[in-house]
Every structure is written in C-alpha cells, then in structure tokens.
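Remarks on the overall topology
The lines below spell out each chain.
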Amino acid sequence: MHPMLNIAIRAARKAGNLIAKHYETPQNIEVTKKGTNDFVTNIDRESERLIIEVIRKSYPDHTIITEESGELLGKDDDIQWVIDPLDGTTNFIRRLPHFAVSIAVRLKGRTEVAVVYDPMRNELFTATRGQGAQLNGFRLRVADAKNIEGTIIATGFPFKQKQHATAYMNIMSKLFVECADFRRTGSAALDLCYVAAGRVDAYYEIGLKPWDFLGGELIARESGAIVTDFVGNHNYLASGNLVAGNPRVVKDILATMRDDLSEALKR
C-alpha cells in the first residue's frame, strides 16, 4: 500500500468516526451560514482538525488545502493534501445519512492517492494512480452501458450558482428524455464513487470546488471512467463543471448538453 494512502485512510476513518458519533447527538451540532445556501458545522471543523493532525504527524512539511481553513502552506508545496472534512454537510444537518470524508493527495499537480469514506455505511473507497480503485478492498469497475439509453445519471443542482438554473434545467430535461432516471444525493464525492462502483452510470455537476471532487475523481478514473468538463476538455479543475462516466455515456451526455451551454459553462 502506498504510504500516503495508509495515512489518508487513517485520517478519514478517524474523522468519519467523529462524524458518525455526532450524527447520533444532533443537539451538539452548531450550524453557521457561510454564504447563500452554504452551511458549516462545528463537526466539519473538528473533522478537519483531526485530519490535519493525522497528516501533520507523518508529513509535517506537506501543504494542506481544506474547505474550511483554506491553504496551509508547508515547506514542500509539491505535495498537497486536498480535504473535504464532511462532503454533504446539508444532509448531515438534516440527519439524512449520506455524506463522506474526502481526501486527495496531489504530487506536482497530479492526484496520486484518494480516499472517500462513508462512515454511516462503513464504505471506504480508495485509489492509487495506475493501480485501480477499490471499495473495502474489492476492485471497482465502471458500468459498461453502451449509450445513454437506460442509464441512471447522478447530478447536483447548482444551488450556489442559480444564475445557471435555466441552462441546467434545459440540459436536465433533454437528458431525462434519453436516460432512465436521475439520482441527486447531495454528495459529489460519493456520486463519483458510485460511478466507479457502477451504482450509477454517469454524473455531472456545475461549479464544484476542488475539495468536492478530487478524491472521487481519481477513484472514478481508476475504475475506468473518464472525467471531462462540459465541452470534453480537462478544464474542470478551474471551472468546477464536471462530467464522469464510461466514455460512451459521457460522449452522449456532452452531445446532449452542447446546444444549451452558456459561454460561462463552456469554460
């Protein structure tokens, strides 16, 4: 096992155990509004603190980029740990048991190691670049749908960027005519892992942040999925606009999207 994967798993499990414990005691959860439709809890922050503590113990010089604390520069900026301590905070607040801890390790701009841990189901998704993706130690493979017909597509509404609502709804309407059904679960990290596991055939979303998807992205790619932006390029790290699935299904989704993309969504 990659040594950094070992540490990422340790950190994710420690944070996940904390989150699961507090899920049972909602009276101890303190909610703060960060922005429009954007919330953070004391548990997000405590989870993040535990993850940073575990990483710093083994790798004190690495840079850590987190959702809540921002960029914590280390002496070695070539290695970056990108963390979402609780992806699916709104689900957690509402006691809807679908959320995860996401950790990605990037070396010189390339993701090498990824862990997404769902503490409520005790599902540990992992990947090391070039070595495949696993769920609790078992190999993952993306679903082998031949085209968009009959597929289940996961998505997330652009609730922080409602200026894209019309384009999003138009795209969704067209895709819905072609696919079998949609899933909208509230955790980008788990949506990408579910693509990897073949639980859904594809996933797309607008305006994600790197910590939302970098862990799940490597897991999806290592399962055989491709990940692109909305025009089939690889600018999604900058834009946050992302499509994932097997190549045939992604091709169909991109073709269906094409006529409804605003200039902003083509970037």
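Nothing here was measured: the structure is a model prediction, and the numbers come from that model.

About the criteria used
Residues numbered from 1 in each chain as written. Predicted model: local features only at pLDDT ≥ 70, side-chain atom pairs only at ≥ 80, totals over all residues. Heavy atoms only, no water. Domains from an automatic or database assignment. Contact = heavy atoms within 4.5 Å. Buried area = accessible area lost by both parts, 1.4 Å probe. Salt bridge = Lys/Arg side-chain N within 4 Å of Asp/Glu carboxyl O. Polar contact = N/O pair within 3.5 Å; in protein donor to acceptor, adjacent residues only side chain to side chain. Helix = DSSP H or I, 4+ residues; strand = E, 2+ residues; numbered from the N terminus. Nonpolar A, V, L, I, M, F, W, Y, C, P; charged D, E, K, R; others polar. Pairing = 2+ DSSP bridges. Axes fitted to C-alpha atoms, helices over the stretch in contact; angles between N-to-C directions.

1. Quick look at the domain arrangement of the chain
The domain architecture assigned to the chain consists of domain 1 (3–139) and domain 2 (152–258). Once you take the C-alpha centre of each, domain 1 and domain 2 turn out to be 21 Å apart. Listed per partner, the contact involves 39 residues of domain 1 and 25 residues of domain 2. Buried surface at the junction of domain 1 and domain 2, both sides included, amounts to about 2,200 Å², of which 62% is carbon and sulfur. Where domain 1 packs against domain 2, one counts one salt bridge. The salt bridge involving E123 is made with R199; its shortest N-O contact spans 2.8 Å. The tally of links from domain 1 across to domain 2 stands at nine residue pairs in polar contact (both at pLDDT 80 or more). Looking at the side of domain 1 that touches domain 2, the elements with two or more residues in it are strand 3 (62–66), strand 5 (76–87), strand 6 (100–107), strand 7 (110–118), strand 8 (123–128) and strand 9 (133–135). Counting residues per element, the side of domain 1 that touches domain 2 draws most heavily on strand 7, at seven residues. Grouping the constituent residues of the side of domain 1 that touches domain 2 by class yields 15 nonpolar, 13 polar and eleven charged.

2. Thoughts on the sheet that holds strand 14 (residues 226–228)
Ordered in space as 12-11-13-15-14, the five strands form an open sheet in which the pairing is mixed. Every other strand in the sheet has two partners, leaving strand 12 (181–183) and strand 14 as the edge strands with one partner each. Across the sheet, the mean angle from the axis of one strand to that of its neighbour is 20 degrees, orientation sign disregarded. Where strand 13 (residues 202–205) meets strand 15 (residues 242–245), four bridges bridge the pair, whose relative direction is antiparallel. Pairing of A202 across the sheet is with G245, part of strand 15.

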